[in-house]
Amino acid sequence: MIVNKLMSSFGVEYVAAFGMESKIESIIIMPIVAFSIATLTLIGMFYGAKRMDLVKEISYFAIKSVVKFTLIIGLILFLISKLLFMIFTSDSFLITLASD
């Protein structure tokens, strides 16, 4: 609510562009959160079993995997952001505003 209130001082277009960006961002964050929860479960299980070797291995694997995923998704979003925003609107000003 606070961010929307601040954005509204710039105009309705900015609120709409921020809304589109937020929707795409939430779609991207979902698999990262799911991977984190799965990692937390595995680490907790192996920590309880006193298997510190697996805790370390799983931690490194999770960090590497999430960093790779976010870099790839970030590159894809950078390259095709205008196409993604066309899903929400055909207004060229909003698409430009959201992708810049």
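Just so we're clear, the structure is a prediction, and the values are computed from it rather than from any experiment.

Calculation notes
- Position numbers for residues count from 1 along each chain, tracking the sequence in the order it is written.
- Selection of residues for local features in this predicted model requires a pLDDT of at least 70, selection of side-chain atom pairs for listing and counting requires 80 or more, and totals for whole chains, interfaces and linings are taken over all residues.
- Values reported for side chains reflect all heavy atoms of the structure, with hydrogen atoms and water molecules removed beforehand.
- To qualify as a helix, a DSSP run of H or I must reach at least 4 residues; to qualify as a strand, a run of E must reach at least 2; elements of each kind are numbered from the N terminus.
- What the globule rule says is 2.2 Å times the number of residues to the power 0.38, and the radius of gyration is computed from C-alpha atoms.
- Burial status follows relative accessibility: with a 1.4 Å probe on protein chains alone, a residue under 20% of its type maximum counts as buried, one over 50% as exposed, and anything between as partly exposed.
- Note on definitions: a residue-residue contact is assigned when non-hydrogen atoms from the two residues lie within 4.5 Å.
- Accessible surface area values rest on a Shrake-Rupley calculation with a 1.4 Å probe, where residue burial reflects the displayed protein chains alone.
- The charge count includes Lys and Arg as positive and Asp and Glu as negative, but it does not include His or the ends of the chains.
- Charged groups are reduced to one reference atom each: NZ for lysine, CZ for arginine, CG for aspartic acid, CD for glutamic acid.
- What makes a salt bridge here is a side-chain nitrogen of Lys or Arg within 4 Å of a carboxyl oxygen of Asp or Glu, nothing more.
- What is meant by a nonpolar core is a set of buried Ala, Val, Leu, Ile, Met, Phe, Trp, Tyr and Cys residues, joined one to another through side-chain atoms within 4.5 Å.
- Note on method: axes are straight lines fitted to C-alpha atoms, helices fitted across the in-contact stretch only, with angles between N-to-C directions ranging 0 to 180 degrees.
- For any helix crossing, the convention is left-handed if the near helix is rotated counterclockwise from the far helix by under a right angle, and right-handed if that rotation is clockwise.
- Classification used: nonpolar for Ala, Val, Leu, Ile, Met, Phe, Trp, Tyr, Cys and Pro, charged for Asp, Glu, Lys and Arg, polar for all others including Gly.

Student: Quick one: what's the story with the overall build of the protein, residue by residue and with numbers?
Tutor: For the protein, the helix and strand inventory stands at 4 helices and 0 strands. If you list the helices and strands of the protein from N to C, you get α-α-α-α. Computed over C-alpha atoms, the radius of gyration of the protein comes to 19 Å, more than 25% over the 13 Å expected from 2.2 N^0.38 for 100 residues, which places it beyond the range of a compact globule. On the principal axes, the C-alpha backbone points of the protein span a range of 55 × 30 × 15 Å. Looking at the 100 residues of the protein, the share that counts as buried comes to 18%. Here the analysis covers contacts within the protein between residues at least 6 apart in sequence; of these, 54% occur between residues at least 24 apart. Carbon and sulfur atoms make up 74% of the accessible area of the protein, which totals about 7,500 Å². If you average the places of the 8 positive and of the 7 negative side-chain charges in the protein, the two averages end up 13 Å apart.

Student: How would you explain the pattern of salt bridges if you had to name every residue and give the values?
Tutor: All chains considered together, the criterion is met by 1 salt bridge. Arg51 serves as the salt-bridge partner of Asp53, at 3.1 Å between the closest nitrogen and oxygen. Residue classification places Asp53 among the partly exposed positions, given a relative accessible area of 46%. Of the residues examined, Arg51 reaches a relative accessible area of 37% and is grouped as partly exposed.

Student: I'd like a rundown of the environment of Pro31, residues and numbers included.
Tutor: Note on placement: Pro31 falls in helix α2 (residues 12–48). Given a relative accessible area of 38%, Pro31 falls into the partly exposed group.

Student: Run through the nonpolar core, naming residues and quoting values.
Tutor: Proteins that are soluble and globular tend to have nonpolar side chains buried together. In terms of nonpolar packing, the biggest core is built from 7 residues, these being Ala17, Met20, Ile24, Phe85, Leu94, Ile95 and Ala98. Put simply, the parts of the chain that give this core at least two residues each are α2 and α4 (92–99).

Student: Can you lay out the packing of helix α3 (residues 52–85) against α4 for me, pointing to particular residues and giving the numbers?
Tutor: Contact geometry for α3 and α4: axes closest at 9 Å, N-to-C directions at 150°. Crossing hand, α3 versus α4: right-handed. Here α3 contributes Ser81, Lys82 and Phe85 to the contact with α4, which in turn contributes Ile95, Thr96, Ala98 and Ser99. Tallied by class, the residues present in the contact of α3 with α4 amount to 3 nonpolar, 3 polar and 1 charged.

Function cannot be inferred from these measures alone, as they are strictly geometric.
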